Amino acid sequence: MAKREYPLERTRNIGIMAHIDAGKTTTTERILYYTGKIHKIGETHDGASQMDFMEQEKERGITIQSAATTAVWHGFFDQFEKTPYRVNIIDTPGHVDFTIEVERALRVLDGAVAVLDGAAGVEPQTETVWRQATTYDVPRIVFVNKMDKMGADFQMSVDSMHERLQVNAEAIQWPIGAEDDFEAVIDLITQEAYYPVDELGEKWEPRDIPADLKDLAEEKRNTLIEAVADVDDDLMEKYLEGEDISVEELKAAIRRATLALQFYPILAGSAYKDKGVQMMLDAVVDYLPGPLDVKPYIAKDPKTDEEVDLIADDSKPFAALAFKIMTDPFVGRLTFMRVYTGTLQSGSYVQNTSSDTRERVGRLLQMHATSRTEIEEVFSGDIAAAIGLKNTTTGDSLTAVDHQLILESMEFPEPVIELAIEPKTKADQDKLSNAIQKLAEEDPSFRATTNPETGQTLIAGMGELQLDIMVDRMRREFNVEATVGAPQVAYREAFTKTVQARGYFKRQSGGKGQYGDVWIEFSPNEEGAGFEFEDAIVGGVVPREYIPSVE
Ligand code: GDP
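Residues numbered from 1 in each chain as written. Predicted model: local features only at pLDDT ≥ 70, side-chain atom pairs only at ≥ 80, totals over all residues. Heavy atoms only, no water.

As named in an unreviewed UniProt entry, the chain is Elongation factor G, taken from Leuconostoc falkenbergense. What UniProt records for the chain under Sequence similarities (unreviewed entry) is the sentence "Belongs to the TRAFAC class translation factor GTPase superfamily. Classic translation factor GTPase family. EF-G/EF-2 subfamily." According to the UniProt record, the Subcellular location (unreviewed entry) comment for the chain reads "Cytoplasm". (UniProt positions renumbered as here; feature names shortened; annotations may be inferred.)

Structure representation (structure tokens):
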């Protein structure tokens, strides 16, 4: 049996969520840099991003897939050097088309960092992801990024939290300067200013708060104390008695209030200019929950229908949720799982209670920013990727073979957009079916159907961009040649009438039609009998210009 490397109290499973372009990718990348896993900082949109797993994500400069990356945090002042924190970053996509992926990630993480654009404050998609996180009771801290950007305004960003999200959120830091003059960060709790002393913002030193900001810093500390005291009786008592509140007391109260979803600490920085990310990581460990700080995950015993609370505990039977299937170019199918309780060893068997199958876990991997490590065992509260699970799809429960449980699964909404996809050849048809099956296993918000009237294969999903990417992946990963267009609708009536009056269909192959290689010719039918529409159209899409007019 392997040894647990990180105690549960020192584990954080977090997500980074944001409106698109607020800087989620850049912030994530800096986190990975400061946690020591990336040795070169890459510009996101130059395609050097470490989290963007797949080729097209890099090309498009957006993050689609929700993978998990394991990082190790030693502390801004190396204060955790001896007992570092394990921070698993569950990547949440930033585009609104992928809100389903965001929900899936929220299901398995314990806390989140909401990244705001300091010049824009709360934006429409910030509201969307914020609401989703509220649904799943996810404690959050807020990182006001881009403080170096033209128009950056920290006070405005704080105000936008109140106005647009109507939450109890206050600054625990204050920026010194903004836009080109954004220089350093004041820690309102300790009333110290921190200035970077090297280019990459790796080393910082504490200094006195500049004289012209002293009053402001004190006032903002009071605002913070009042906001936290409002929801924390211990702090309120001290505050009312007029006692001095120590750094430790304030931090402890902020932690309690944040875990209770009654308060949201706000931080300032610029990921791009390497400012504030390390302090934000300290806030992640200070204020966001570990696996033991969150409500137990509720599972059901399929035999008795009784509810069972899953609390992270290595000595309990194994129970996990498969939250993401990815096809990795090197190792094939990866099943990302969050282990709620118990442990799982590579080579052992698990019960998939959702599909009622028994599966063997081949290998277990932990993904880091630039490498992956094979692990012998994954412990409760942790995240790992399994190789070898062939019948497991997103949202499935995986449990010990002799302790079967069904975990509360994820819900996937109905798709909102549909496109017709037409393979070029018969061979492409087979490849298309295979591709659709694989992609739907990875992303249950992506679905495919055949329209019985037109015979068209229709793919459906949460937005245009998602379908675009799916079609792109079909080409790249599955070599499917196909054309895509708007689905055809309701020509049946016109056809049937015409056919029965004066024609018959002849199916031809040969690459002419607008949508594919099957099209239809009309010619007089001596017998005066026609074919039913469905007979004639099987396997083909009828271009609009071939629809005969009704006499
Ligand atoms: P995402 O869509 O939220 O993942 O945002 P990205 O991290 O891809 O960033 C979007 C754009 O904003 C990119 O051009 C980044 O270089 C830029 N950006 C990110 N962080 C900062 C920052 O702190 N300051 C400035 N000025 N630009 C930033």
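A.B. asks: Give a detailed account of the site of the ligand, specifying residues and quantitative values.
C.D. replies: Taken together, the neighbourhood of the ligand is formed by 18 residues, with Asp 21, Lys 24, Thr 25, Thr 26 and Asp 148 sitting nearest. Between the ligand and Lys 24, the relevant distance is 2.8 Å, taken from an oxygen atom to a main-chain nitrogen or oxygen of the residue. Contact between the ligand and Thr 25: an oxygen atom at 2.4 Å from a side-chain N or O atom of the residue. When the ligand sits alone it has 580 Å² of accessible area, and the protein chains cover 86% of it. (Near = heavy atom within 4 Å. Polar contact = N/O pair within 3.5 Å; in protein donor to acceptor, adjacent residues only side chain to side chain. Areas by Shrake-Rupley, 256 points an atom, 1.4 Å probe, with all protein chains shown as cover.)

A.B. asks: Break down helix α11 (residues 464-478) for me, citing the residues and quoting the values.
C.D. replies: The end-to-end C-alpha separation of α11 is 20 Å, in line with the 21 Å expected for 15 residues at 1.5 Å each. Within the sequence span of α11, burial applies to Leu 465, Gln 466, Leu 467, Ile 469, Met 470, Val 471, Asp 472, Arg 473, Met 474 and Phe 478. Of the residues one or two after α11, Asn 479 is the one with positive phi, at around 55°. (Helix = DSSP H or I, 4+ residues; strand = E, 2+ residues; numbered from the N terminus. Expected span 1.5 Å × (residues − 1). Buried < 20%, exposed > 50% of the residue type's maximum accessible area, 1.4 Å probe, protein only.)

A.B. asks: Explain the packing of aromatic side chains residue by residue, including any values.
C.D. replies: A full pass over the atoms with the stated rule returns ten aromatic pairs. Between Phe 154 and Trp 174, the ring centres sit 4.8 Å apart and the planes meet at 85°, which makes this aromatic pair edge-to-face. Placement of the pair is Phe 154 in helix α5 (residues 154-165) and Trp 174 in strand β7 (residues 173-176), with a sequence separation of 20 residues. Neither Phe 154 nor Trp 174 differs from the other in exposure class; each is buried. Ring geometry for Phe 323 versus Phe 336: centroids 6.2 Å apart, planes at 55°, classification tilted. Separated by 13 residues along the polypeptide, Phe 323 in strand β14 (residues 319-328) and Phe 336 in strand β15 (residues 332-341) bring together distant segments of the chain. Grouping aromatic residues by their ring pairs yields a cluster made of Phe 76, Phe 77, Tyr 194 and Trp 204. (Phe/Tyr/Trp six-rings, centres within 6.5 Å; stacked < 30°, edge-to-face > 60°.)

A.B. asks: Now, about the sheet that holds strand β1 (residues 11-18): what can you tell me, with residues and values included?
C.D. replies: Across the sheet, which stays open at both edges, the seven strands sit in the order β2-β3-β1-β4-β5-β11-β6 with mixed pairing between neighbours. Of all strands in the sheet, those bounded by a partner on one side alone are β2 (68-73) and β6 (169-171). Strand-to-strand twist in this sheet, taken as the mean axis angle between neighbours without regard to direction, amounts to 30°. Sheet topology note: the strand β4 (residues 111-117)/strand β5 (residues 140-145) ladder contains six bridges and is parallel. Paired with Val 115 across the two strands is Phe 143, which belongs to β5. (Pairing = 2+ DSSP bridges. Axes fitted to C-alpha atoms, helices over the stretch in contact; angles between N-to-C directions.)

A.B. asks: Hey, could you go over helix α6 (residues 214-229) for me, with residue numbers and the actual values?
C.D. replies: Taking 1.5 Å as the rise per residue, α6 with 16 residues should run 22 Å; its terminal C-alpha atoms sit 22 Å apart, in good agreement. Ala 217, Lys 220, Arg 221, Leu 224, Ile 225, Ala 227, Val 228 and Ala 229 are the residues of α6 that are buried. Buried positions along α6 lie against α5, β6, β7, β8 (184-187), α7 (233-240) and α8 (247-259). (Contact = heavy atoms within 4.5 Å.)

A.B. asks: I'd like a description of the nonpolar core, backed by residues and values.
C.D. replies: In this structure, Val 113 and Met 161 are the most contacted members of the largest nonpolar core, which totals 106 residues. Per-element accounting of this core gives the leading share, eight residues, to helix α9 (residues 277-287). If near-sequence neighbours (up to four positions away) are discounted, Val 113 is found in contact with Ile 14, Gly 15, Ile 16, Met 17, Ile 141, Phe 143, Met 280, Val 284 and Leu 288. In this structure, Met 337, Leu 344, Val 378 and Leu 389 belong to the second largest nonpolar core, which totals 16 residues. (Core = buried A, V, L, I, M, F, W, Y, C linked by side-chain atoms within 4.5 Å.)

A.B. asks: Explain the sheet that holds β8 to me, and be specific about the residues and the numbers.
C.D. replies: Reading across the sheet, the four strands line up as β7-β8-β9-β10 and stay open at both edges, with antiparallel pairing between neighbours. Looking at which strands have only one partner, the edges of the open sheet turn out to be β7 and β10 (204-207). Ignoring which end each strand starts from, the neighbouring axes of this sheet average 30° apart. In terms of strand pairing, strand β9 (residues 192-196) meets β10 through four bridges, oriented antiparallel. Bridging across to β10, Ala 193 finds its partner in Arg 207.

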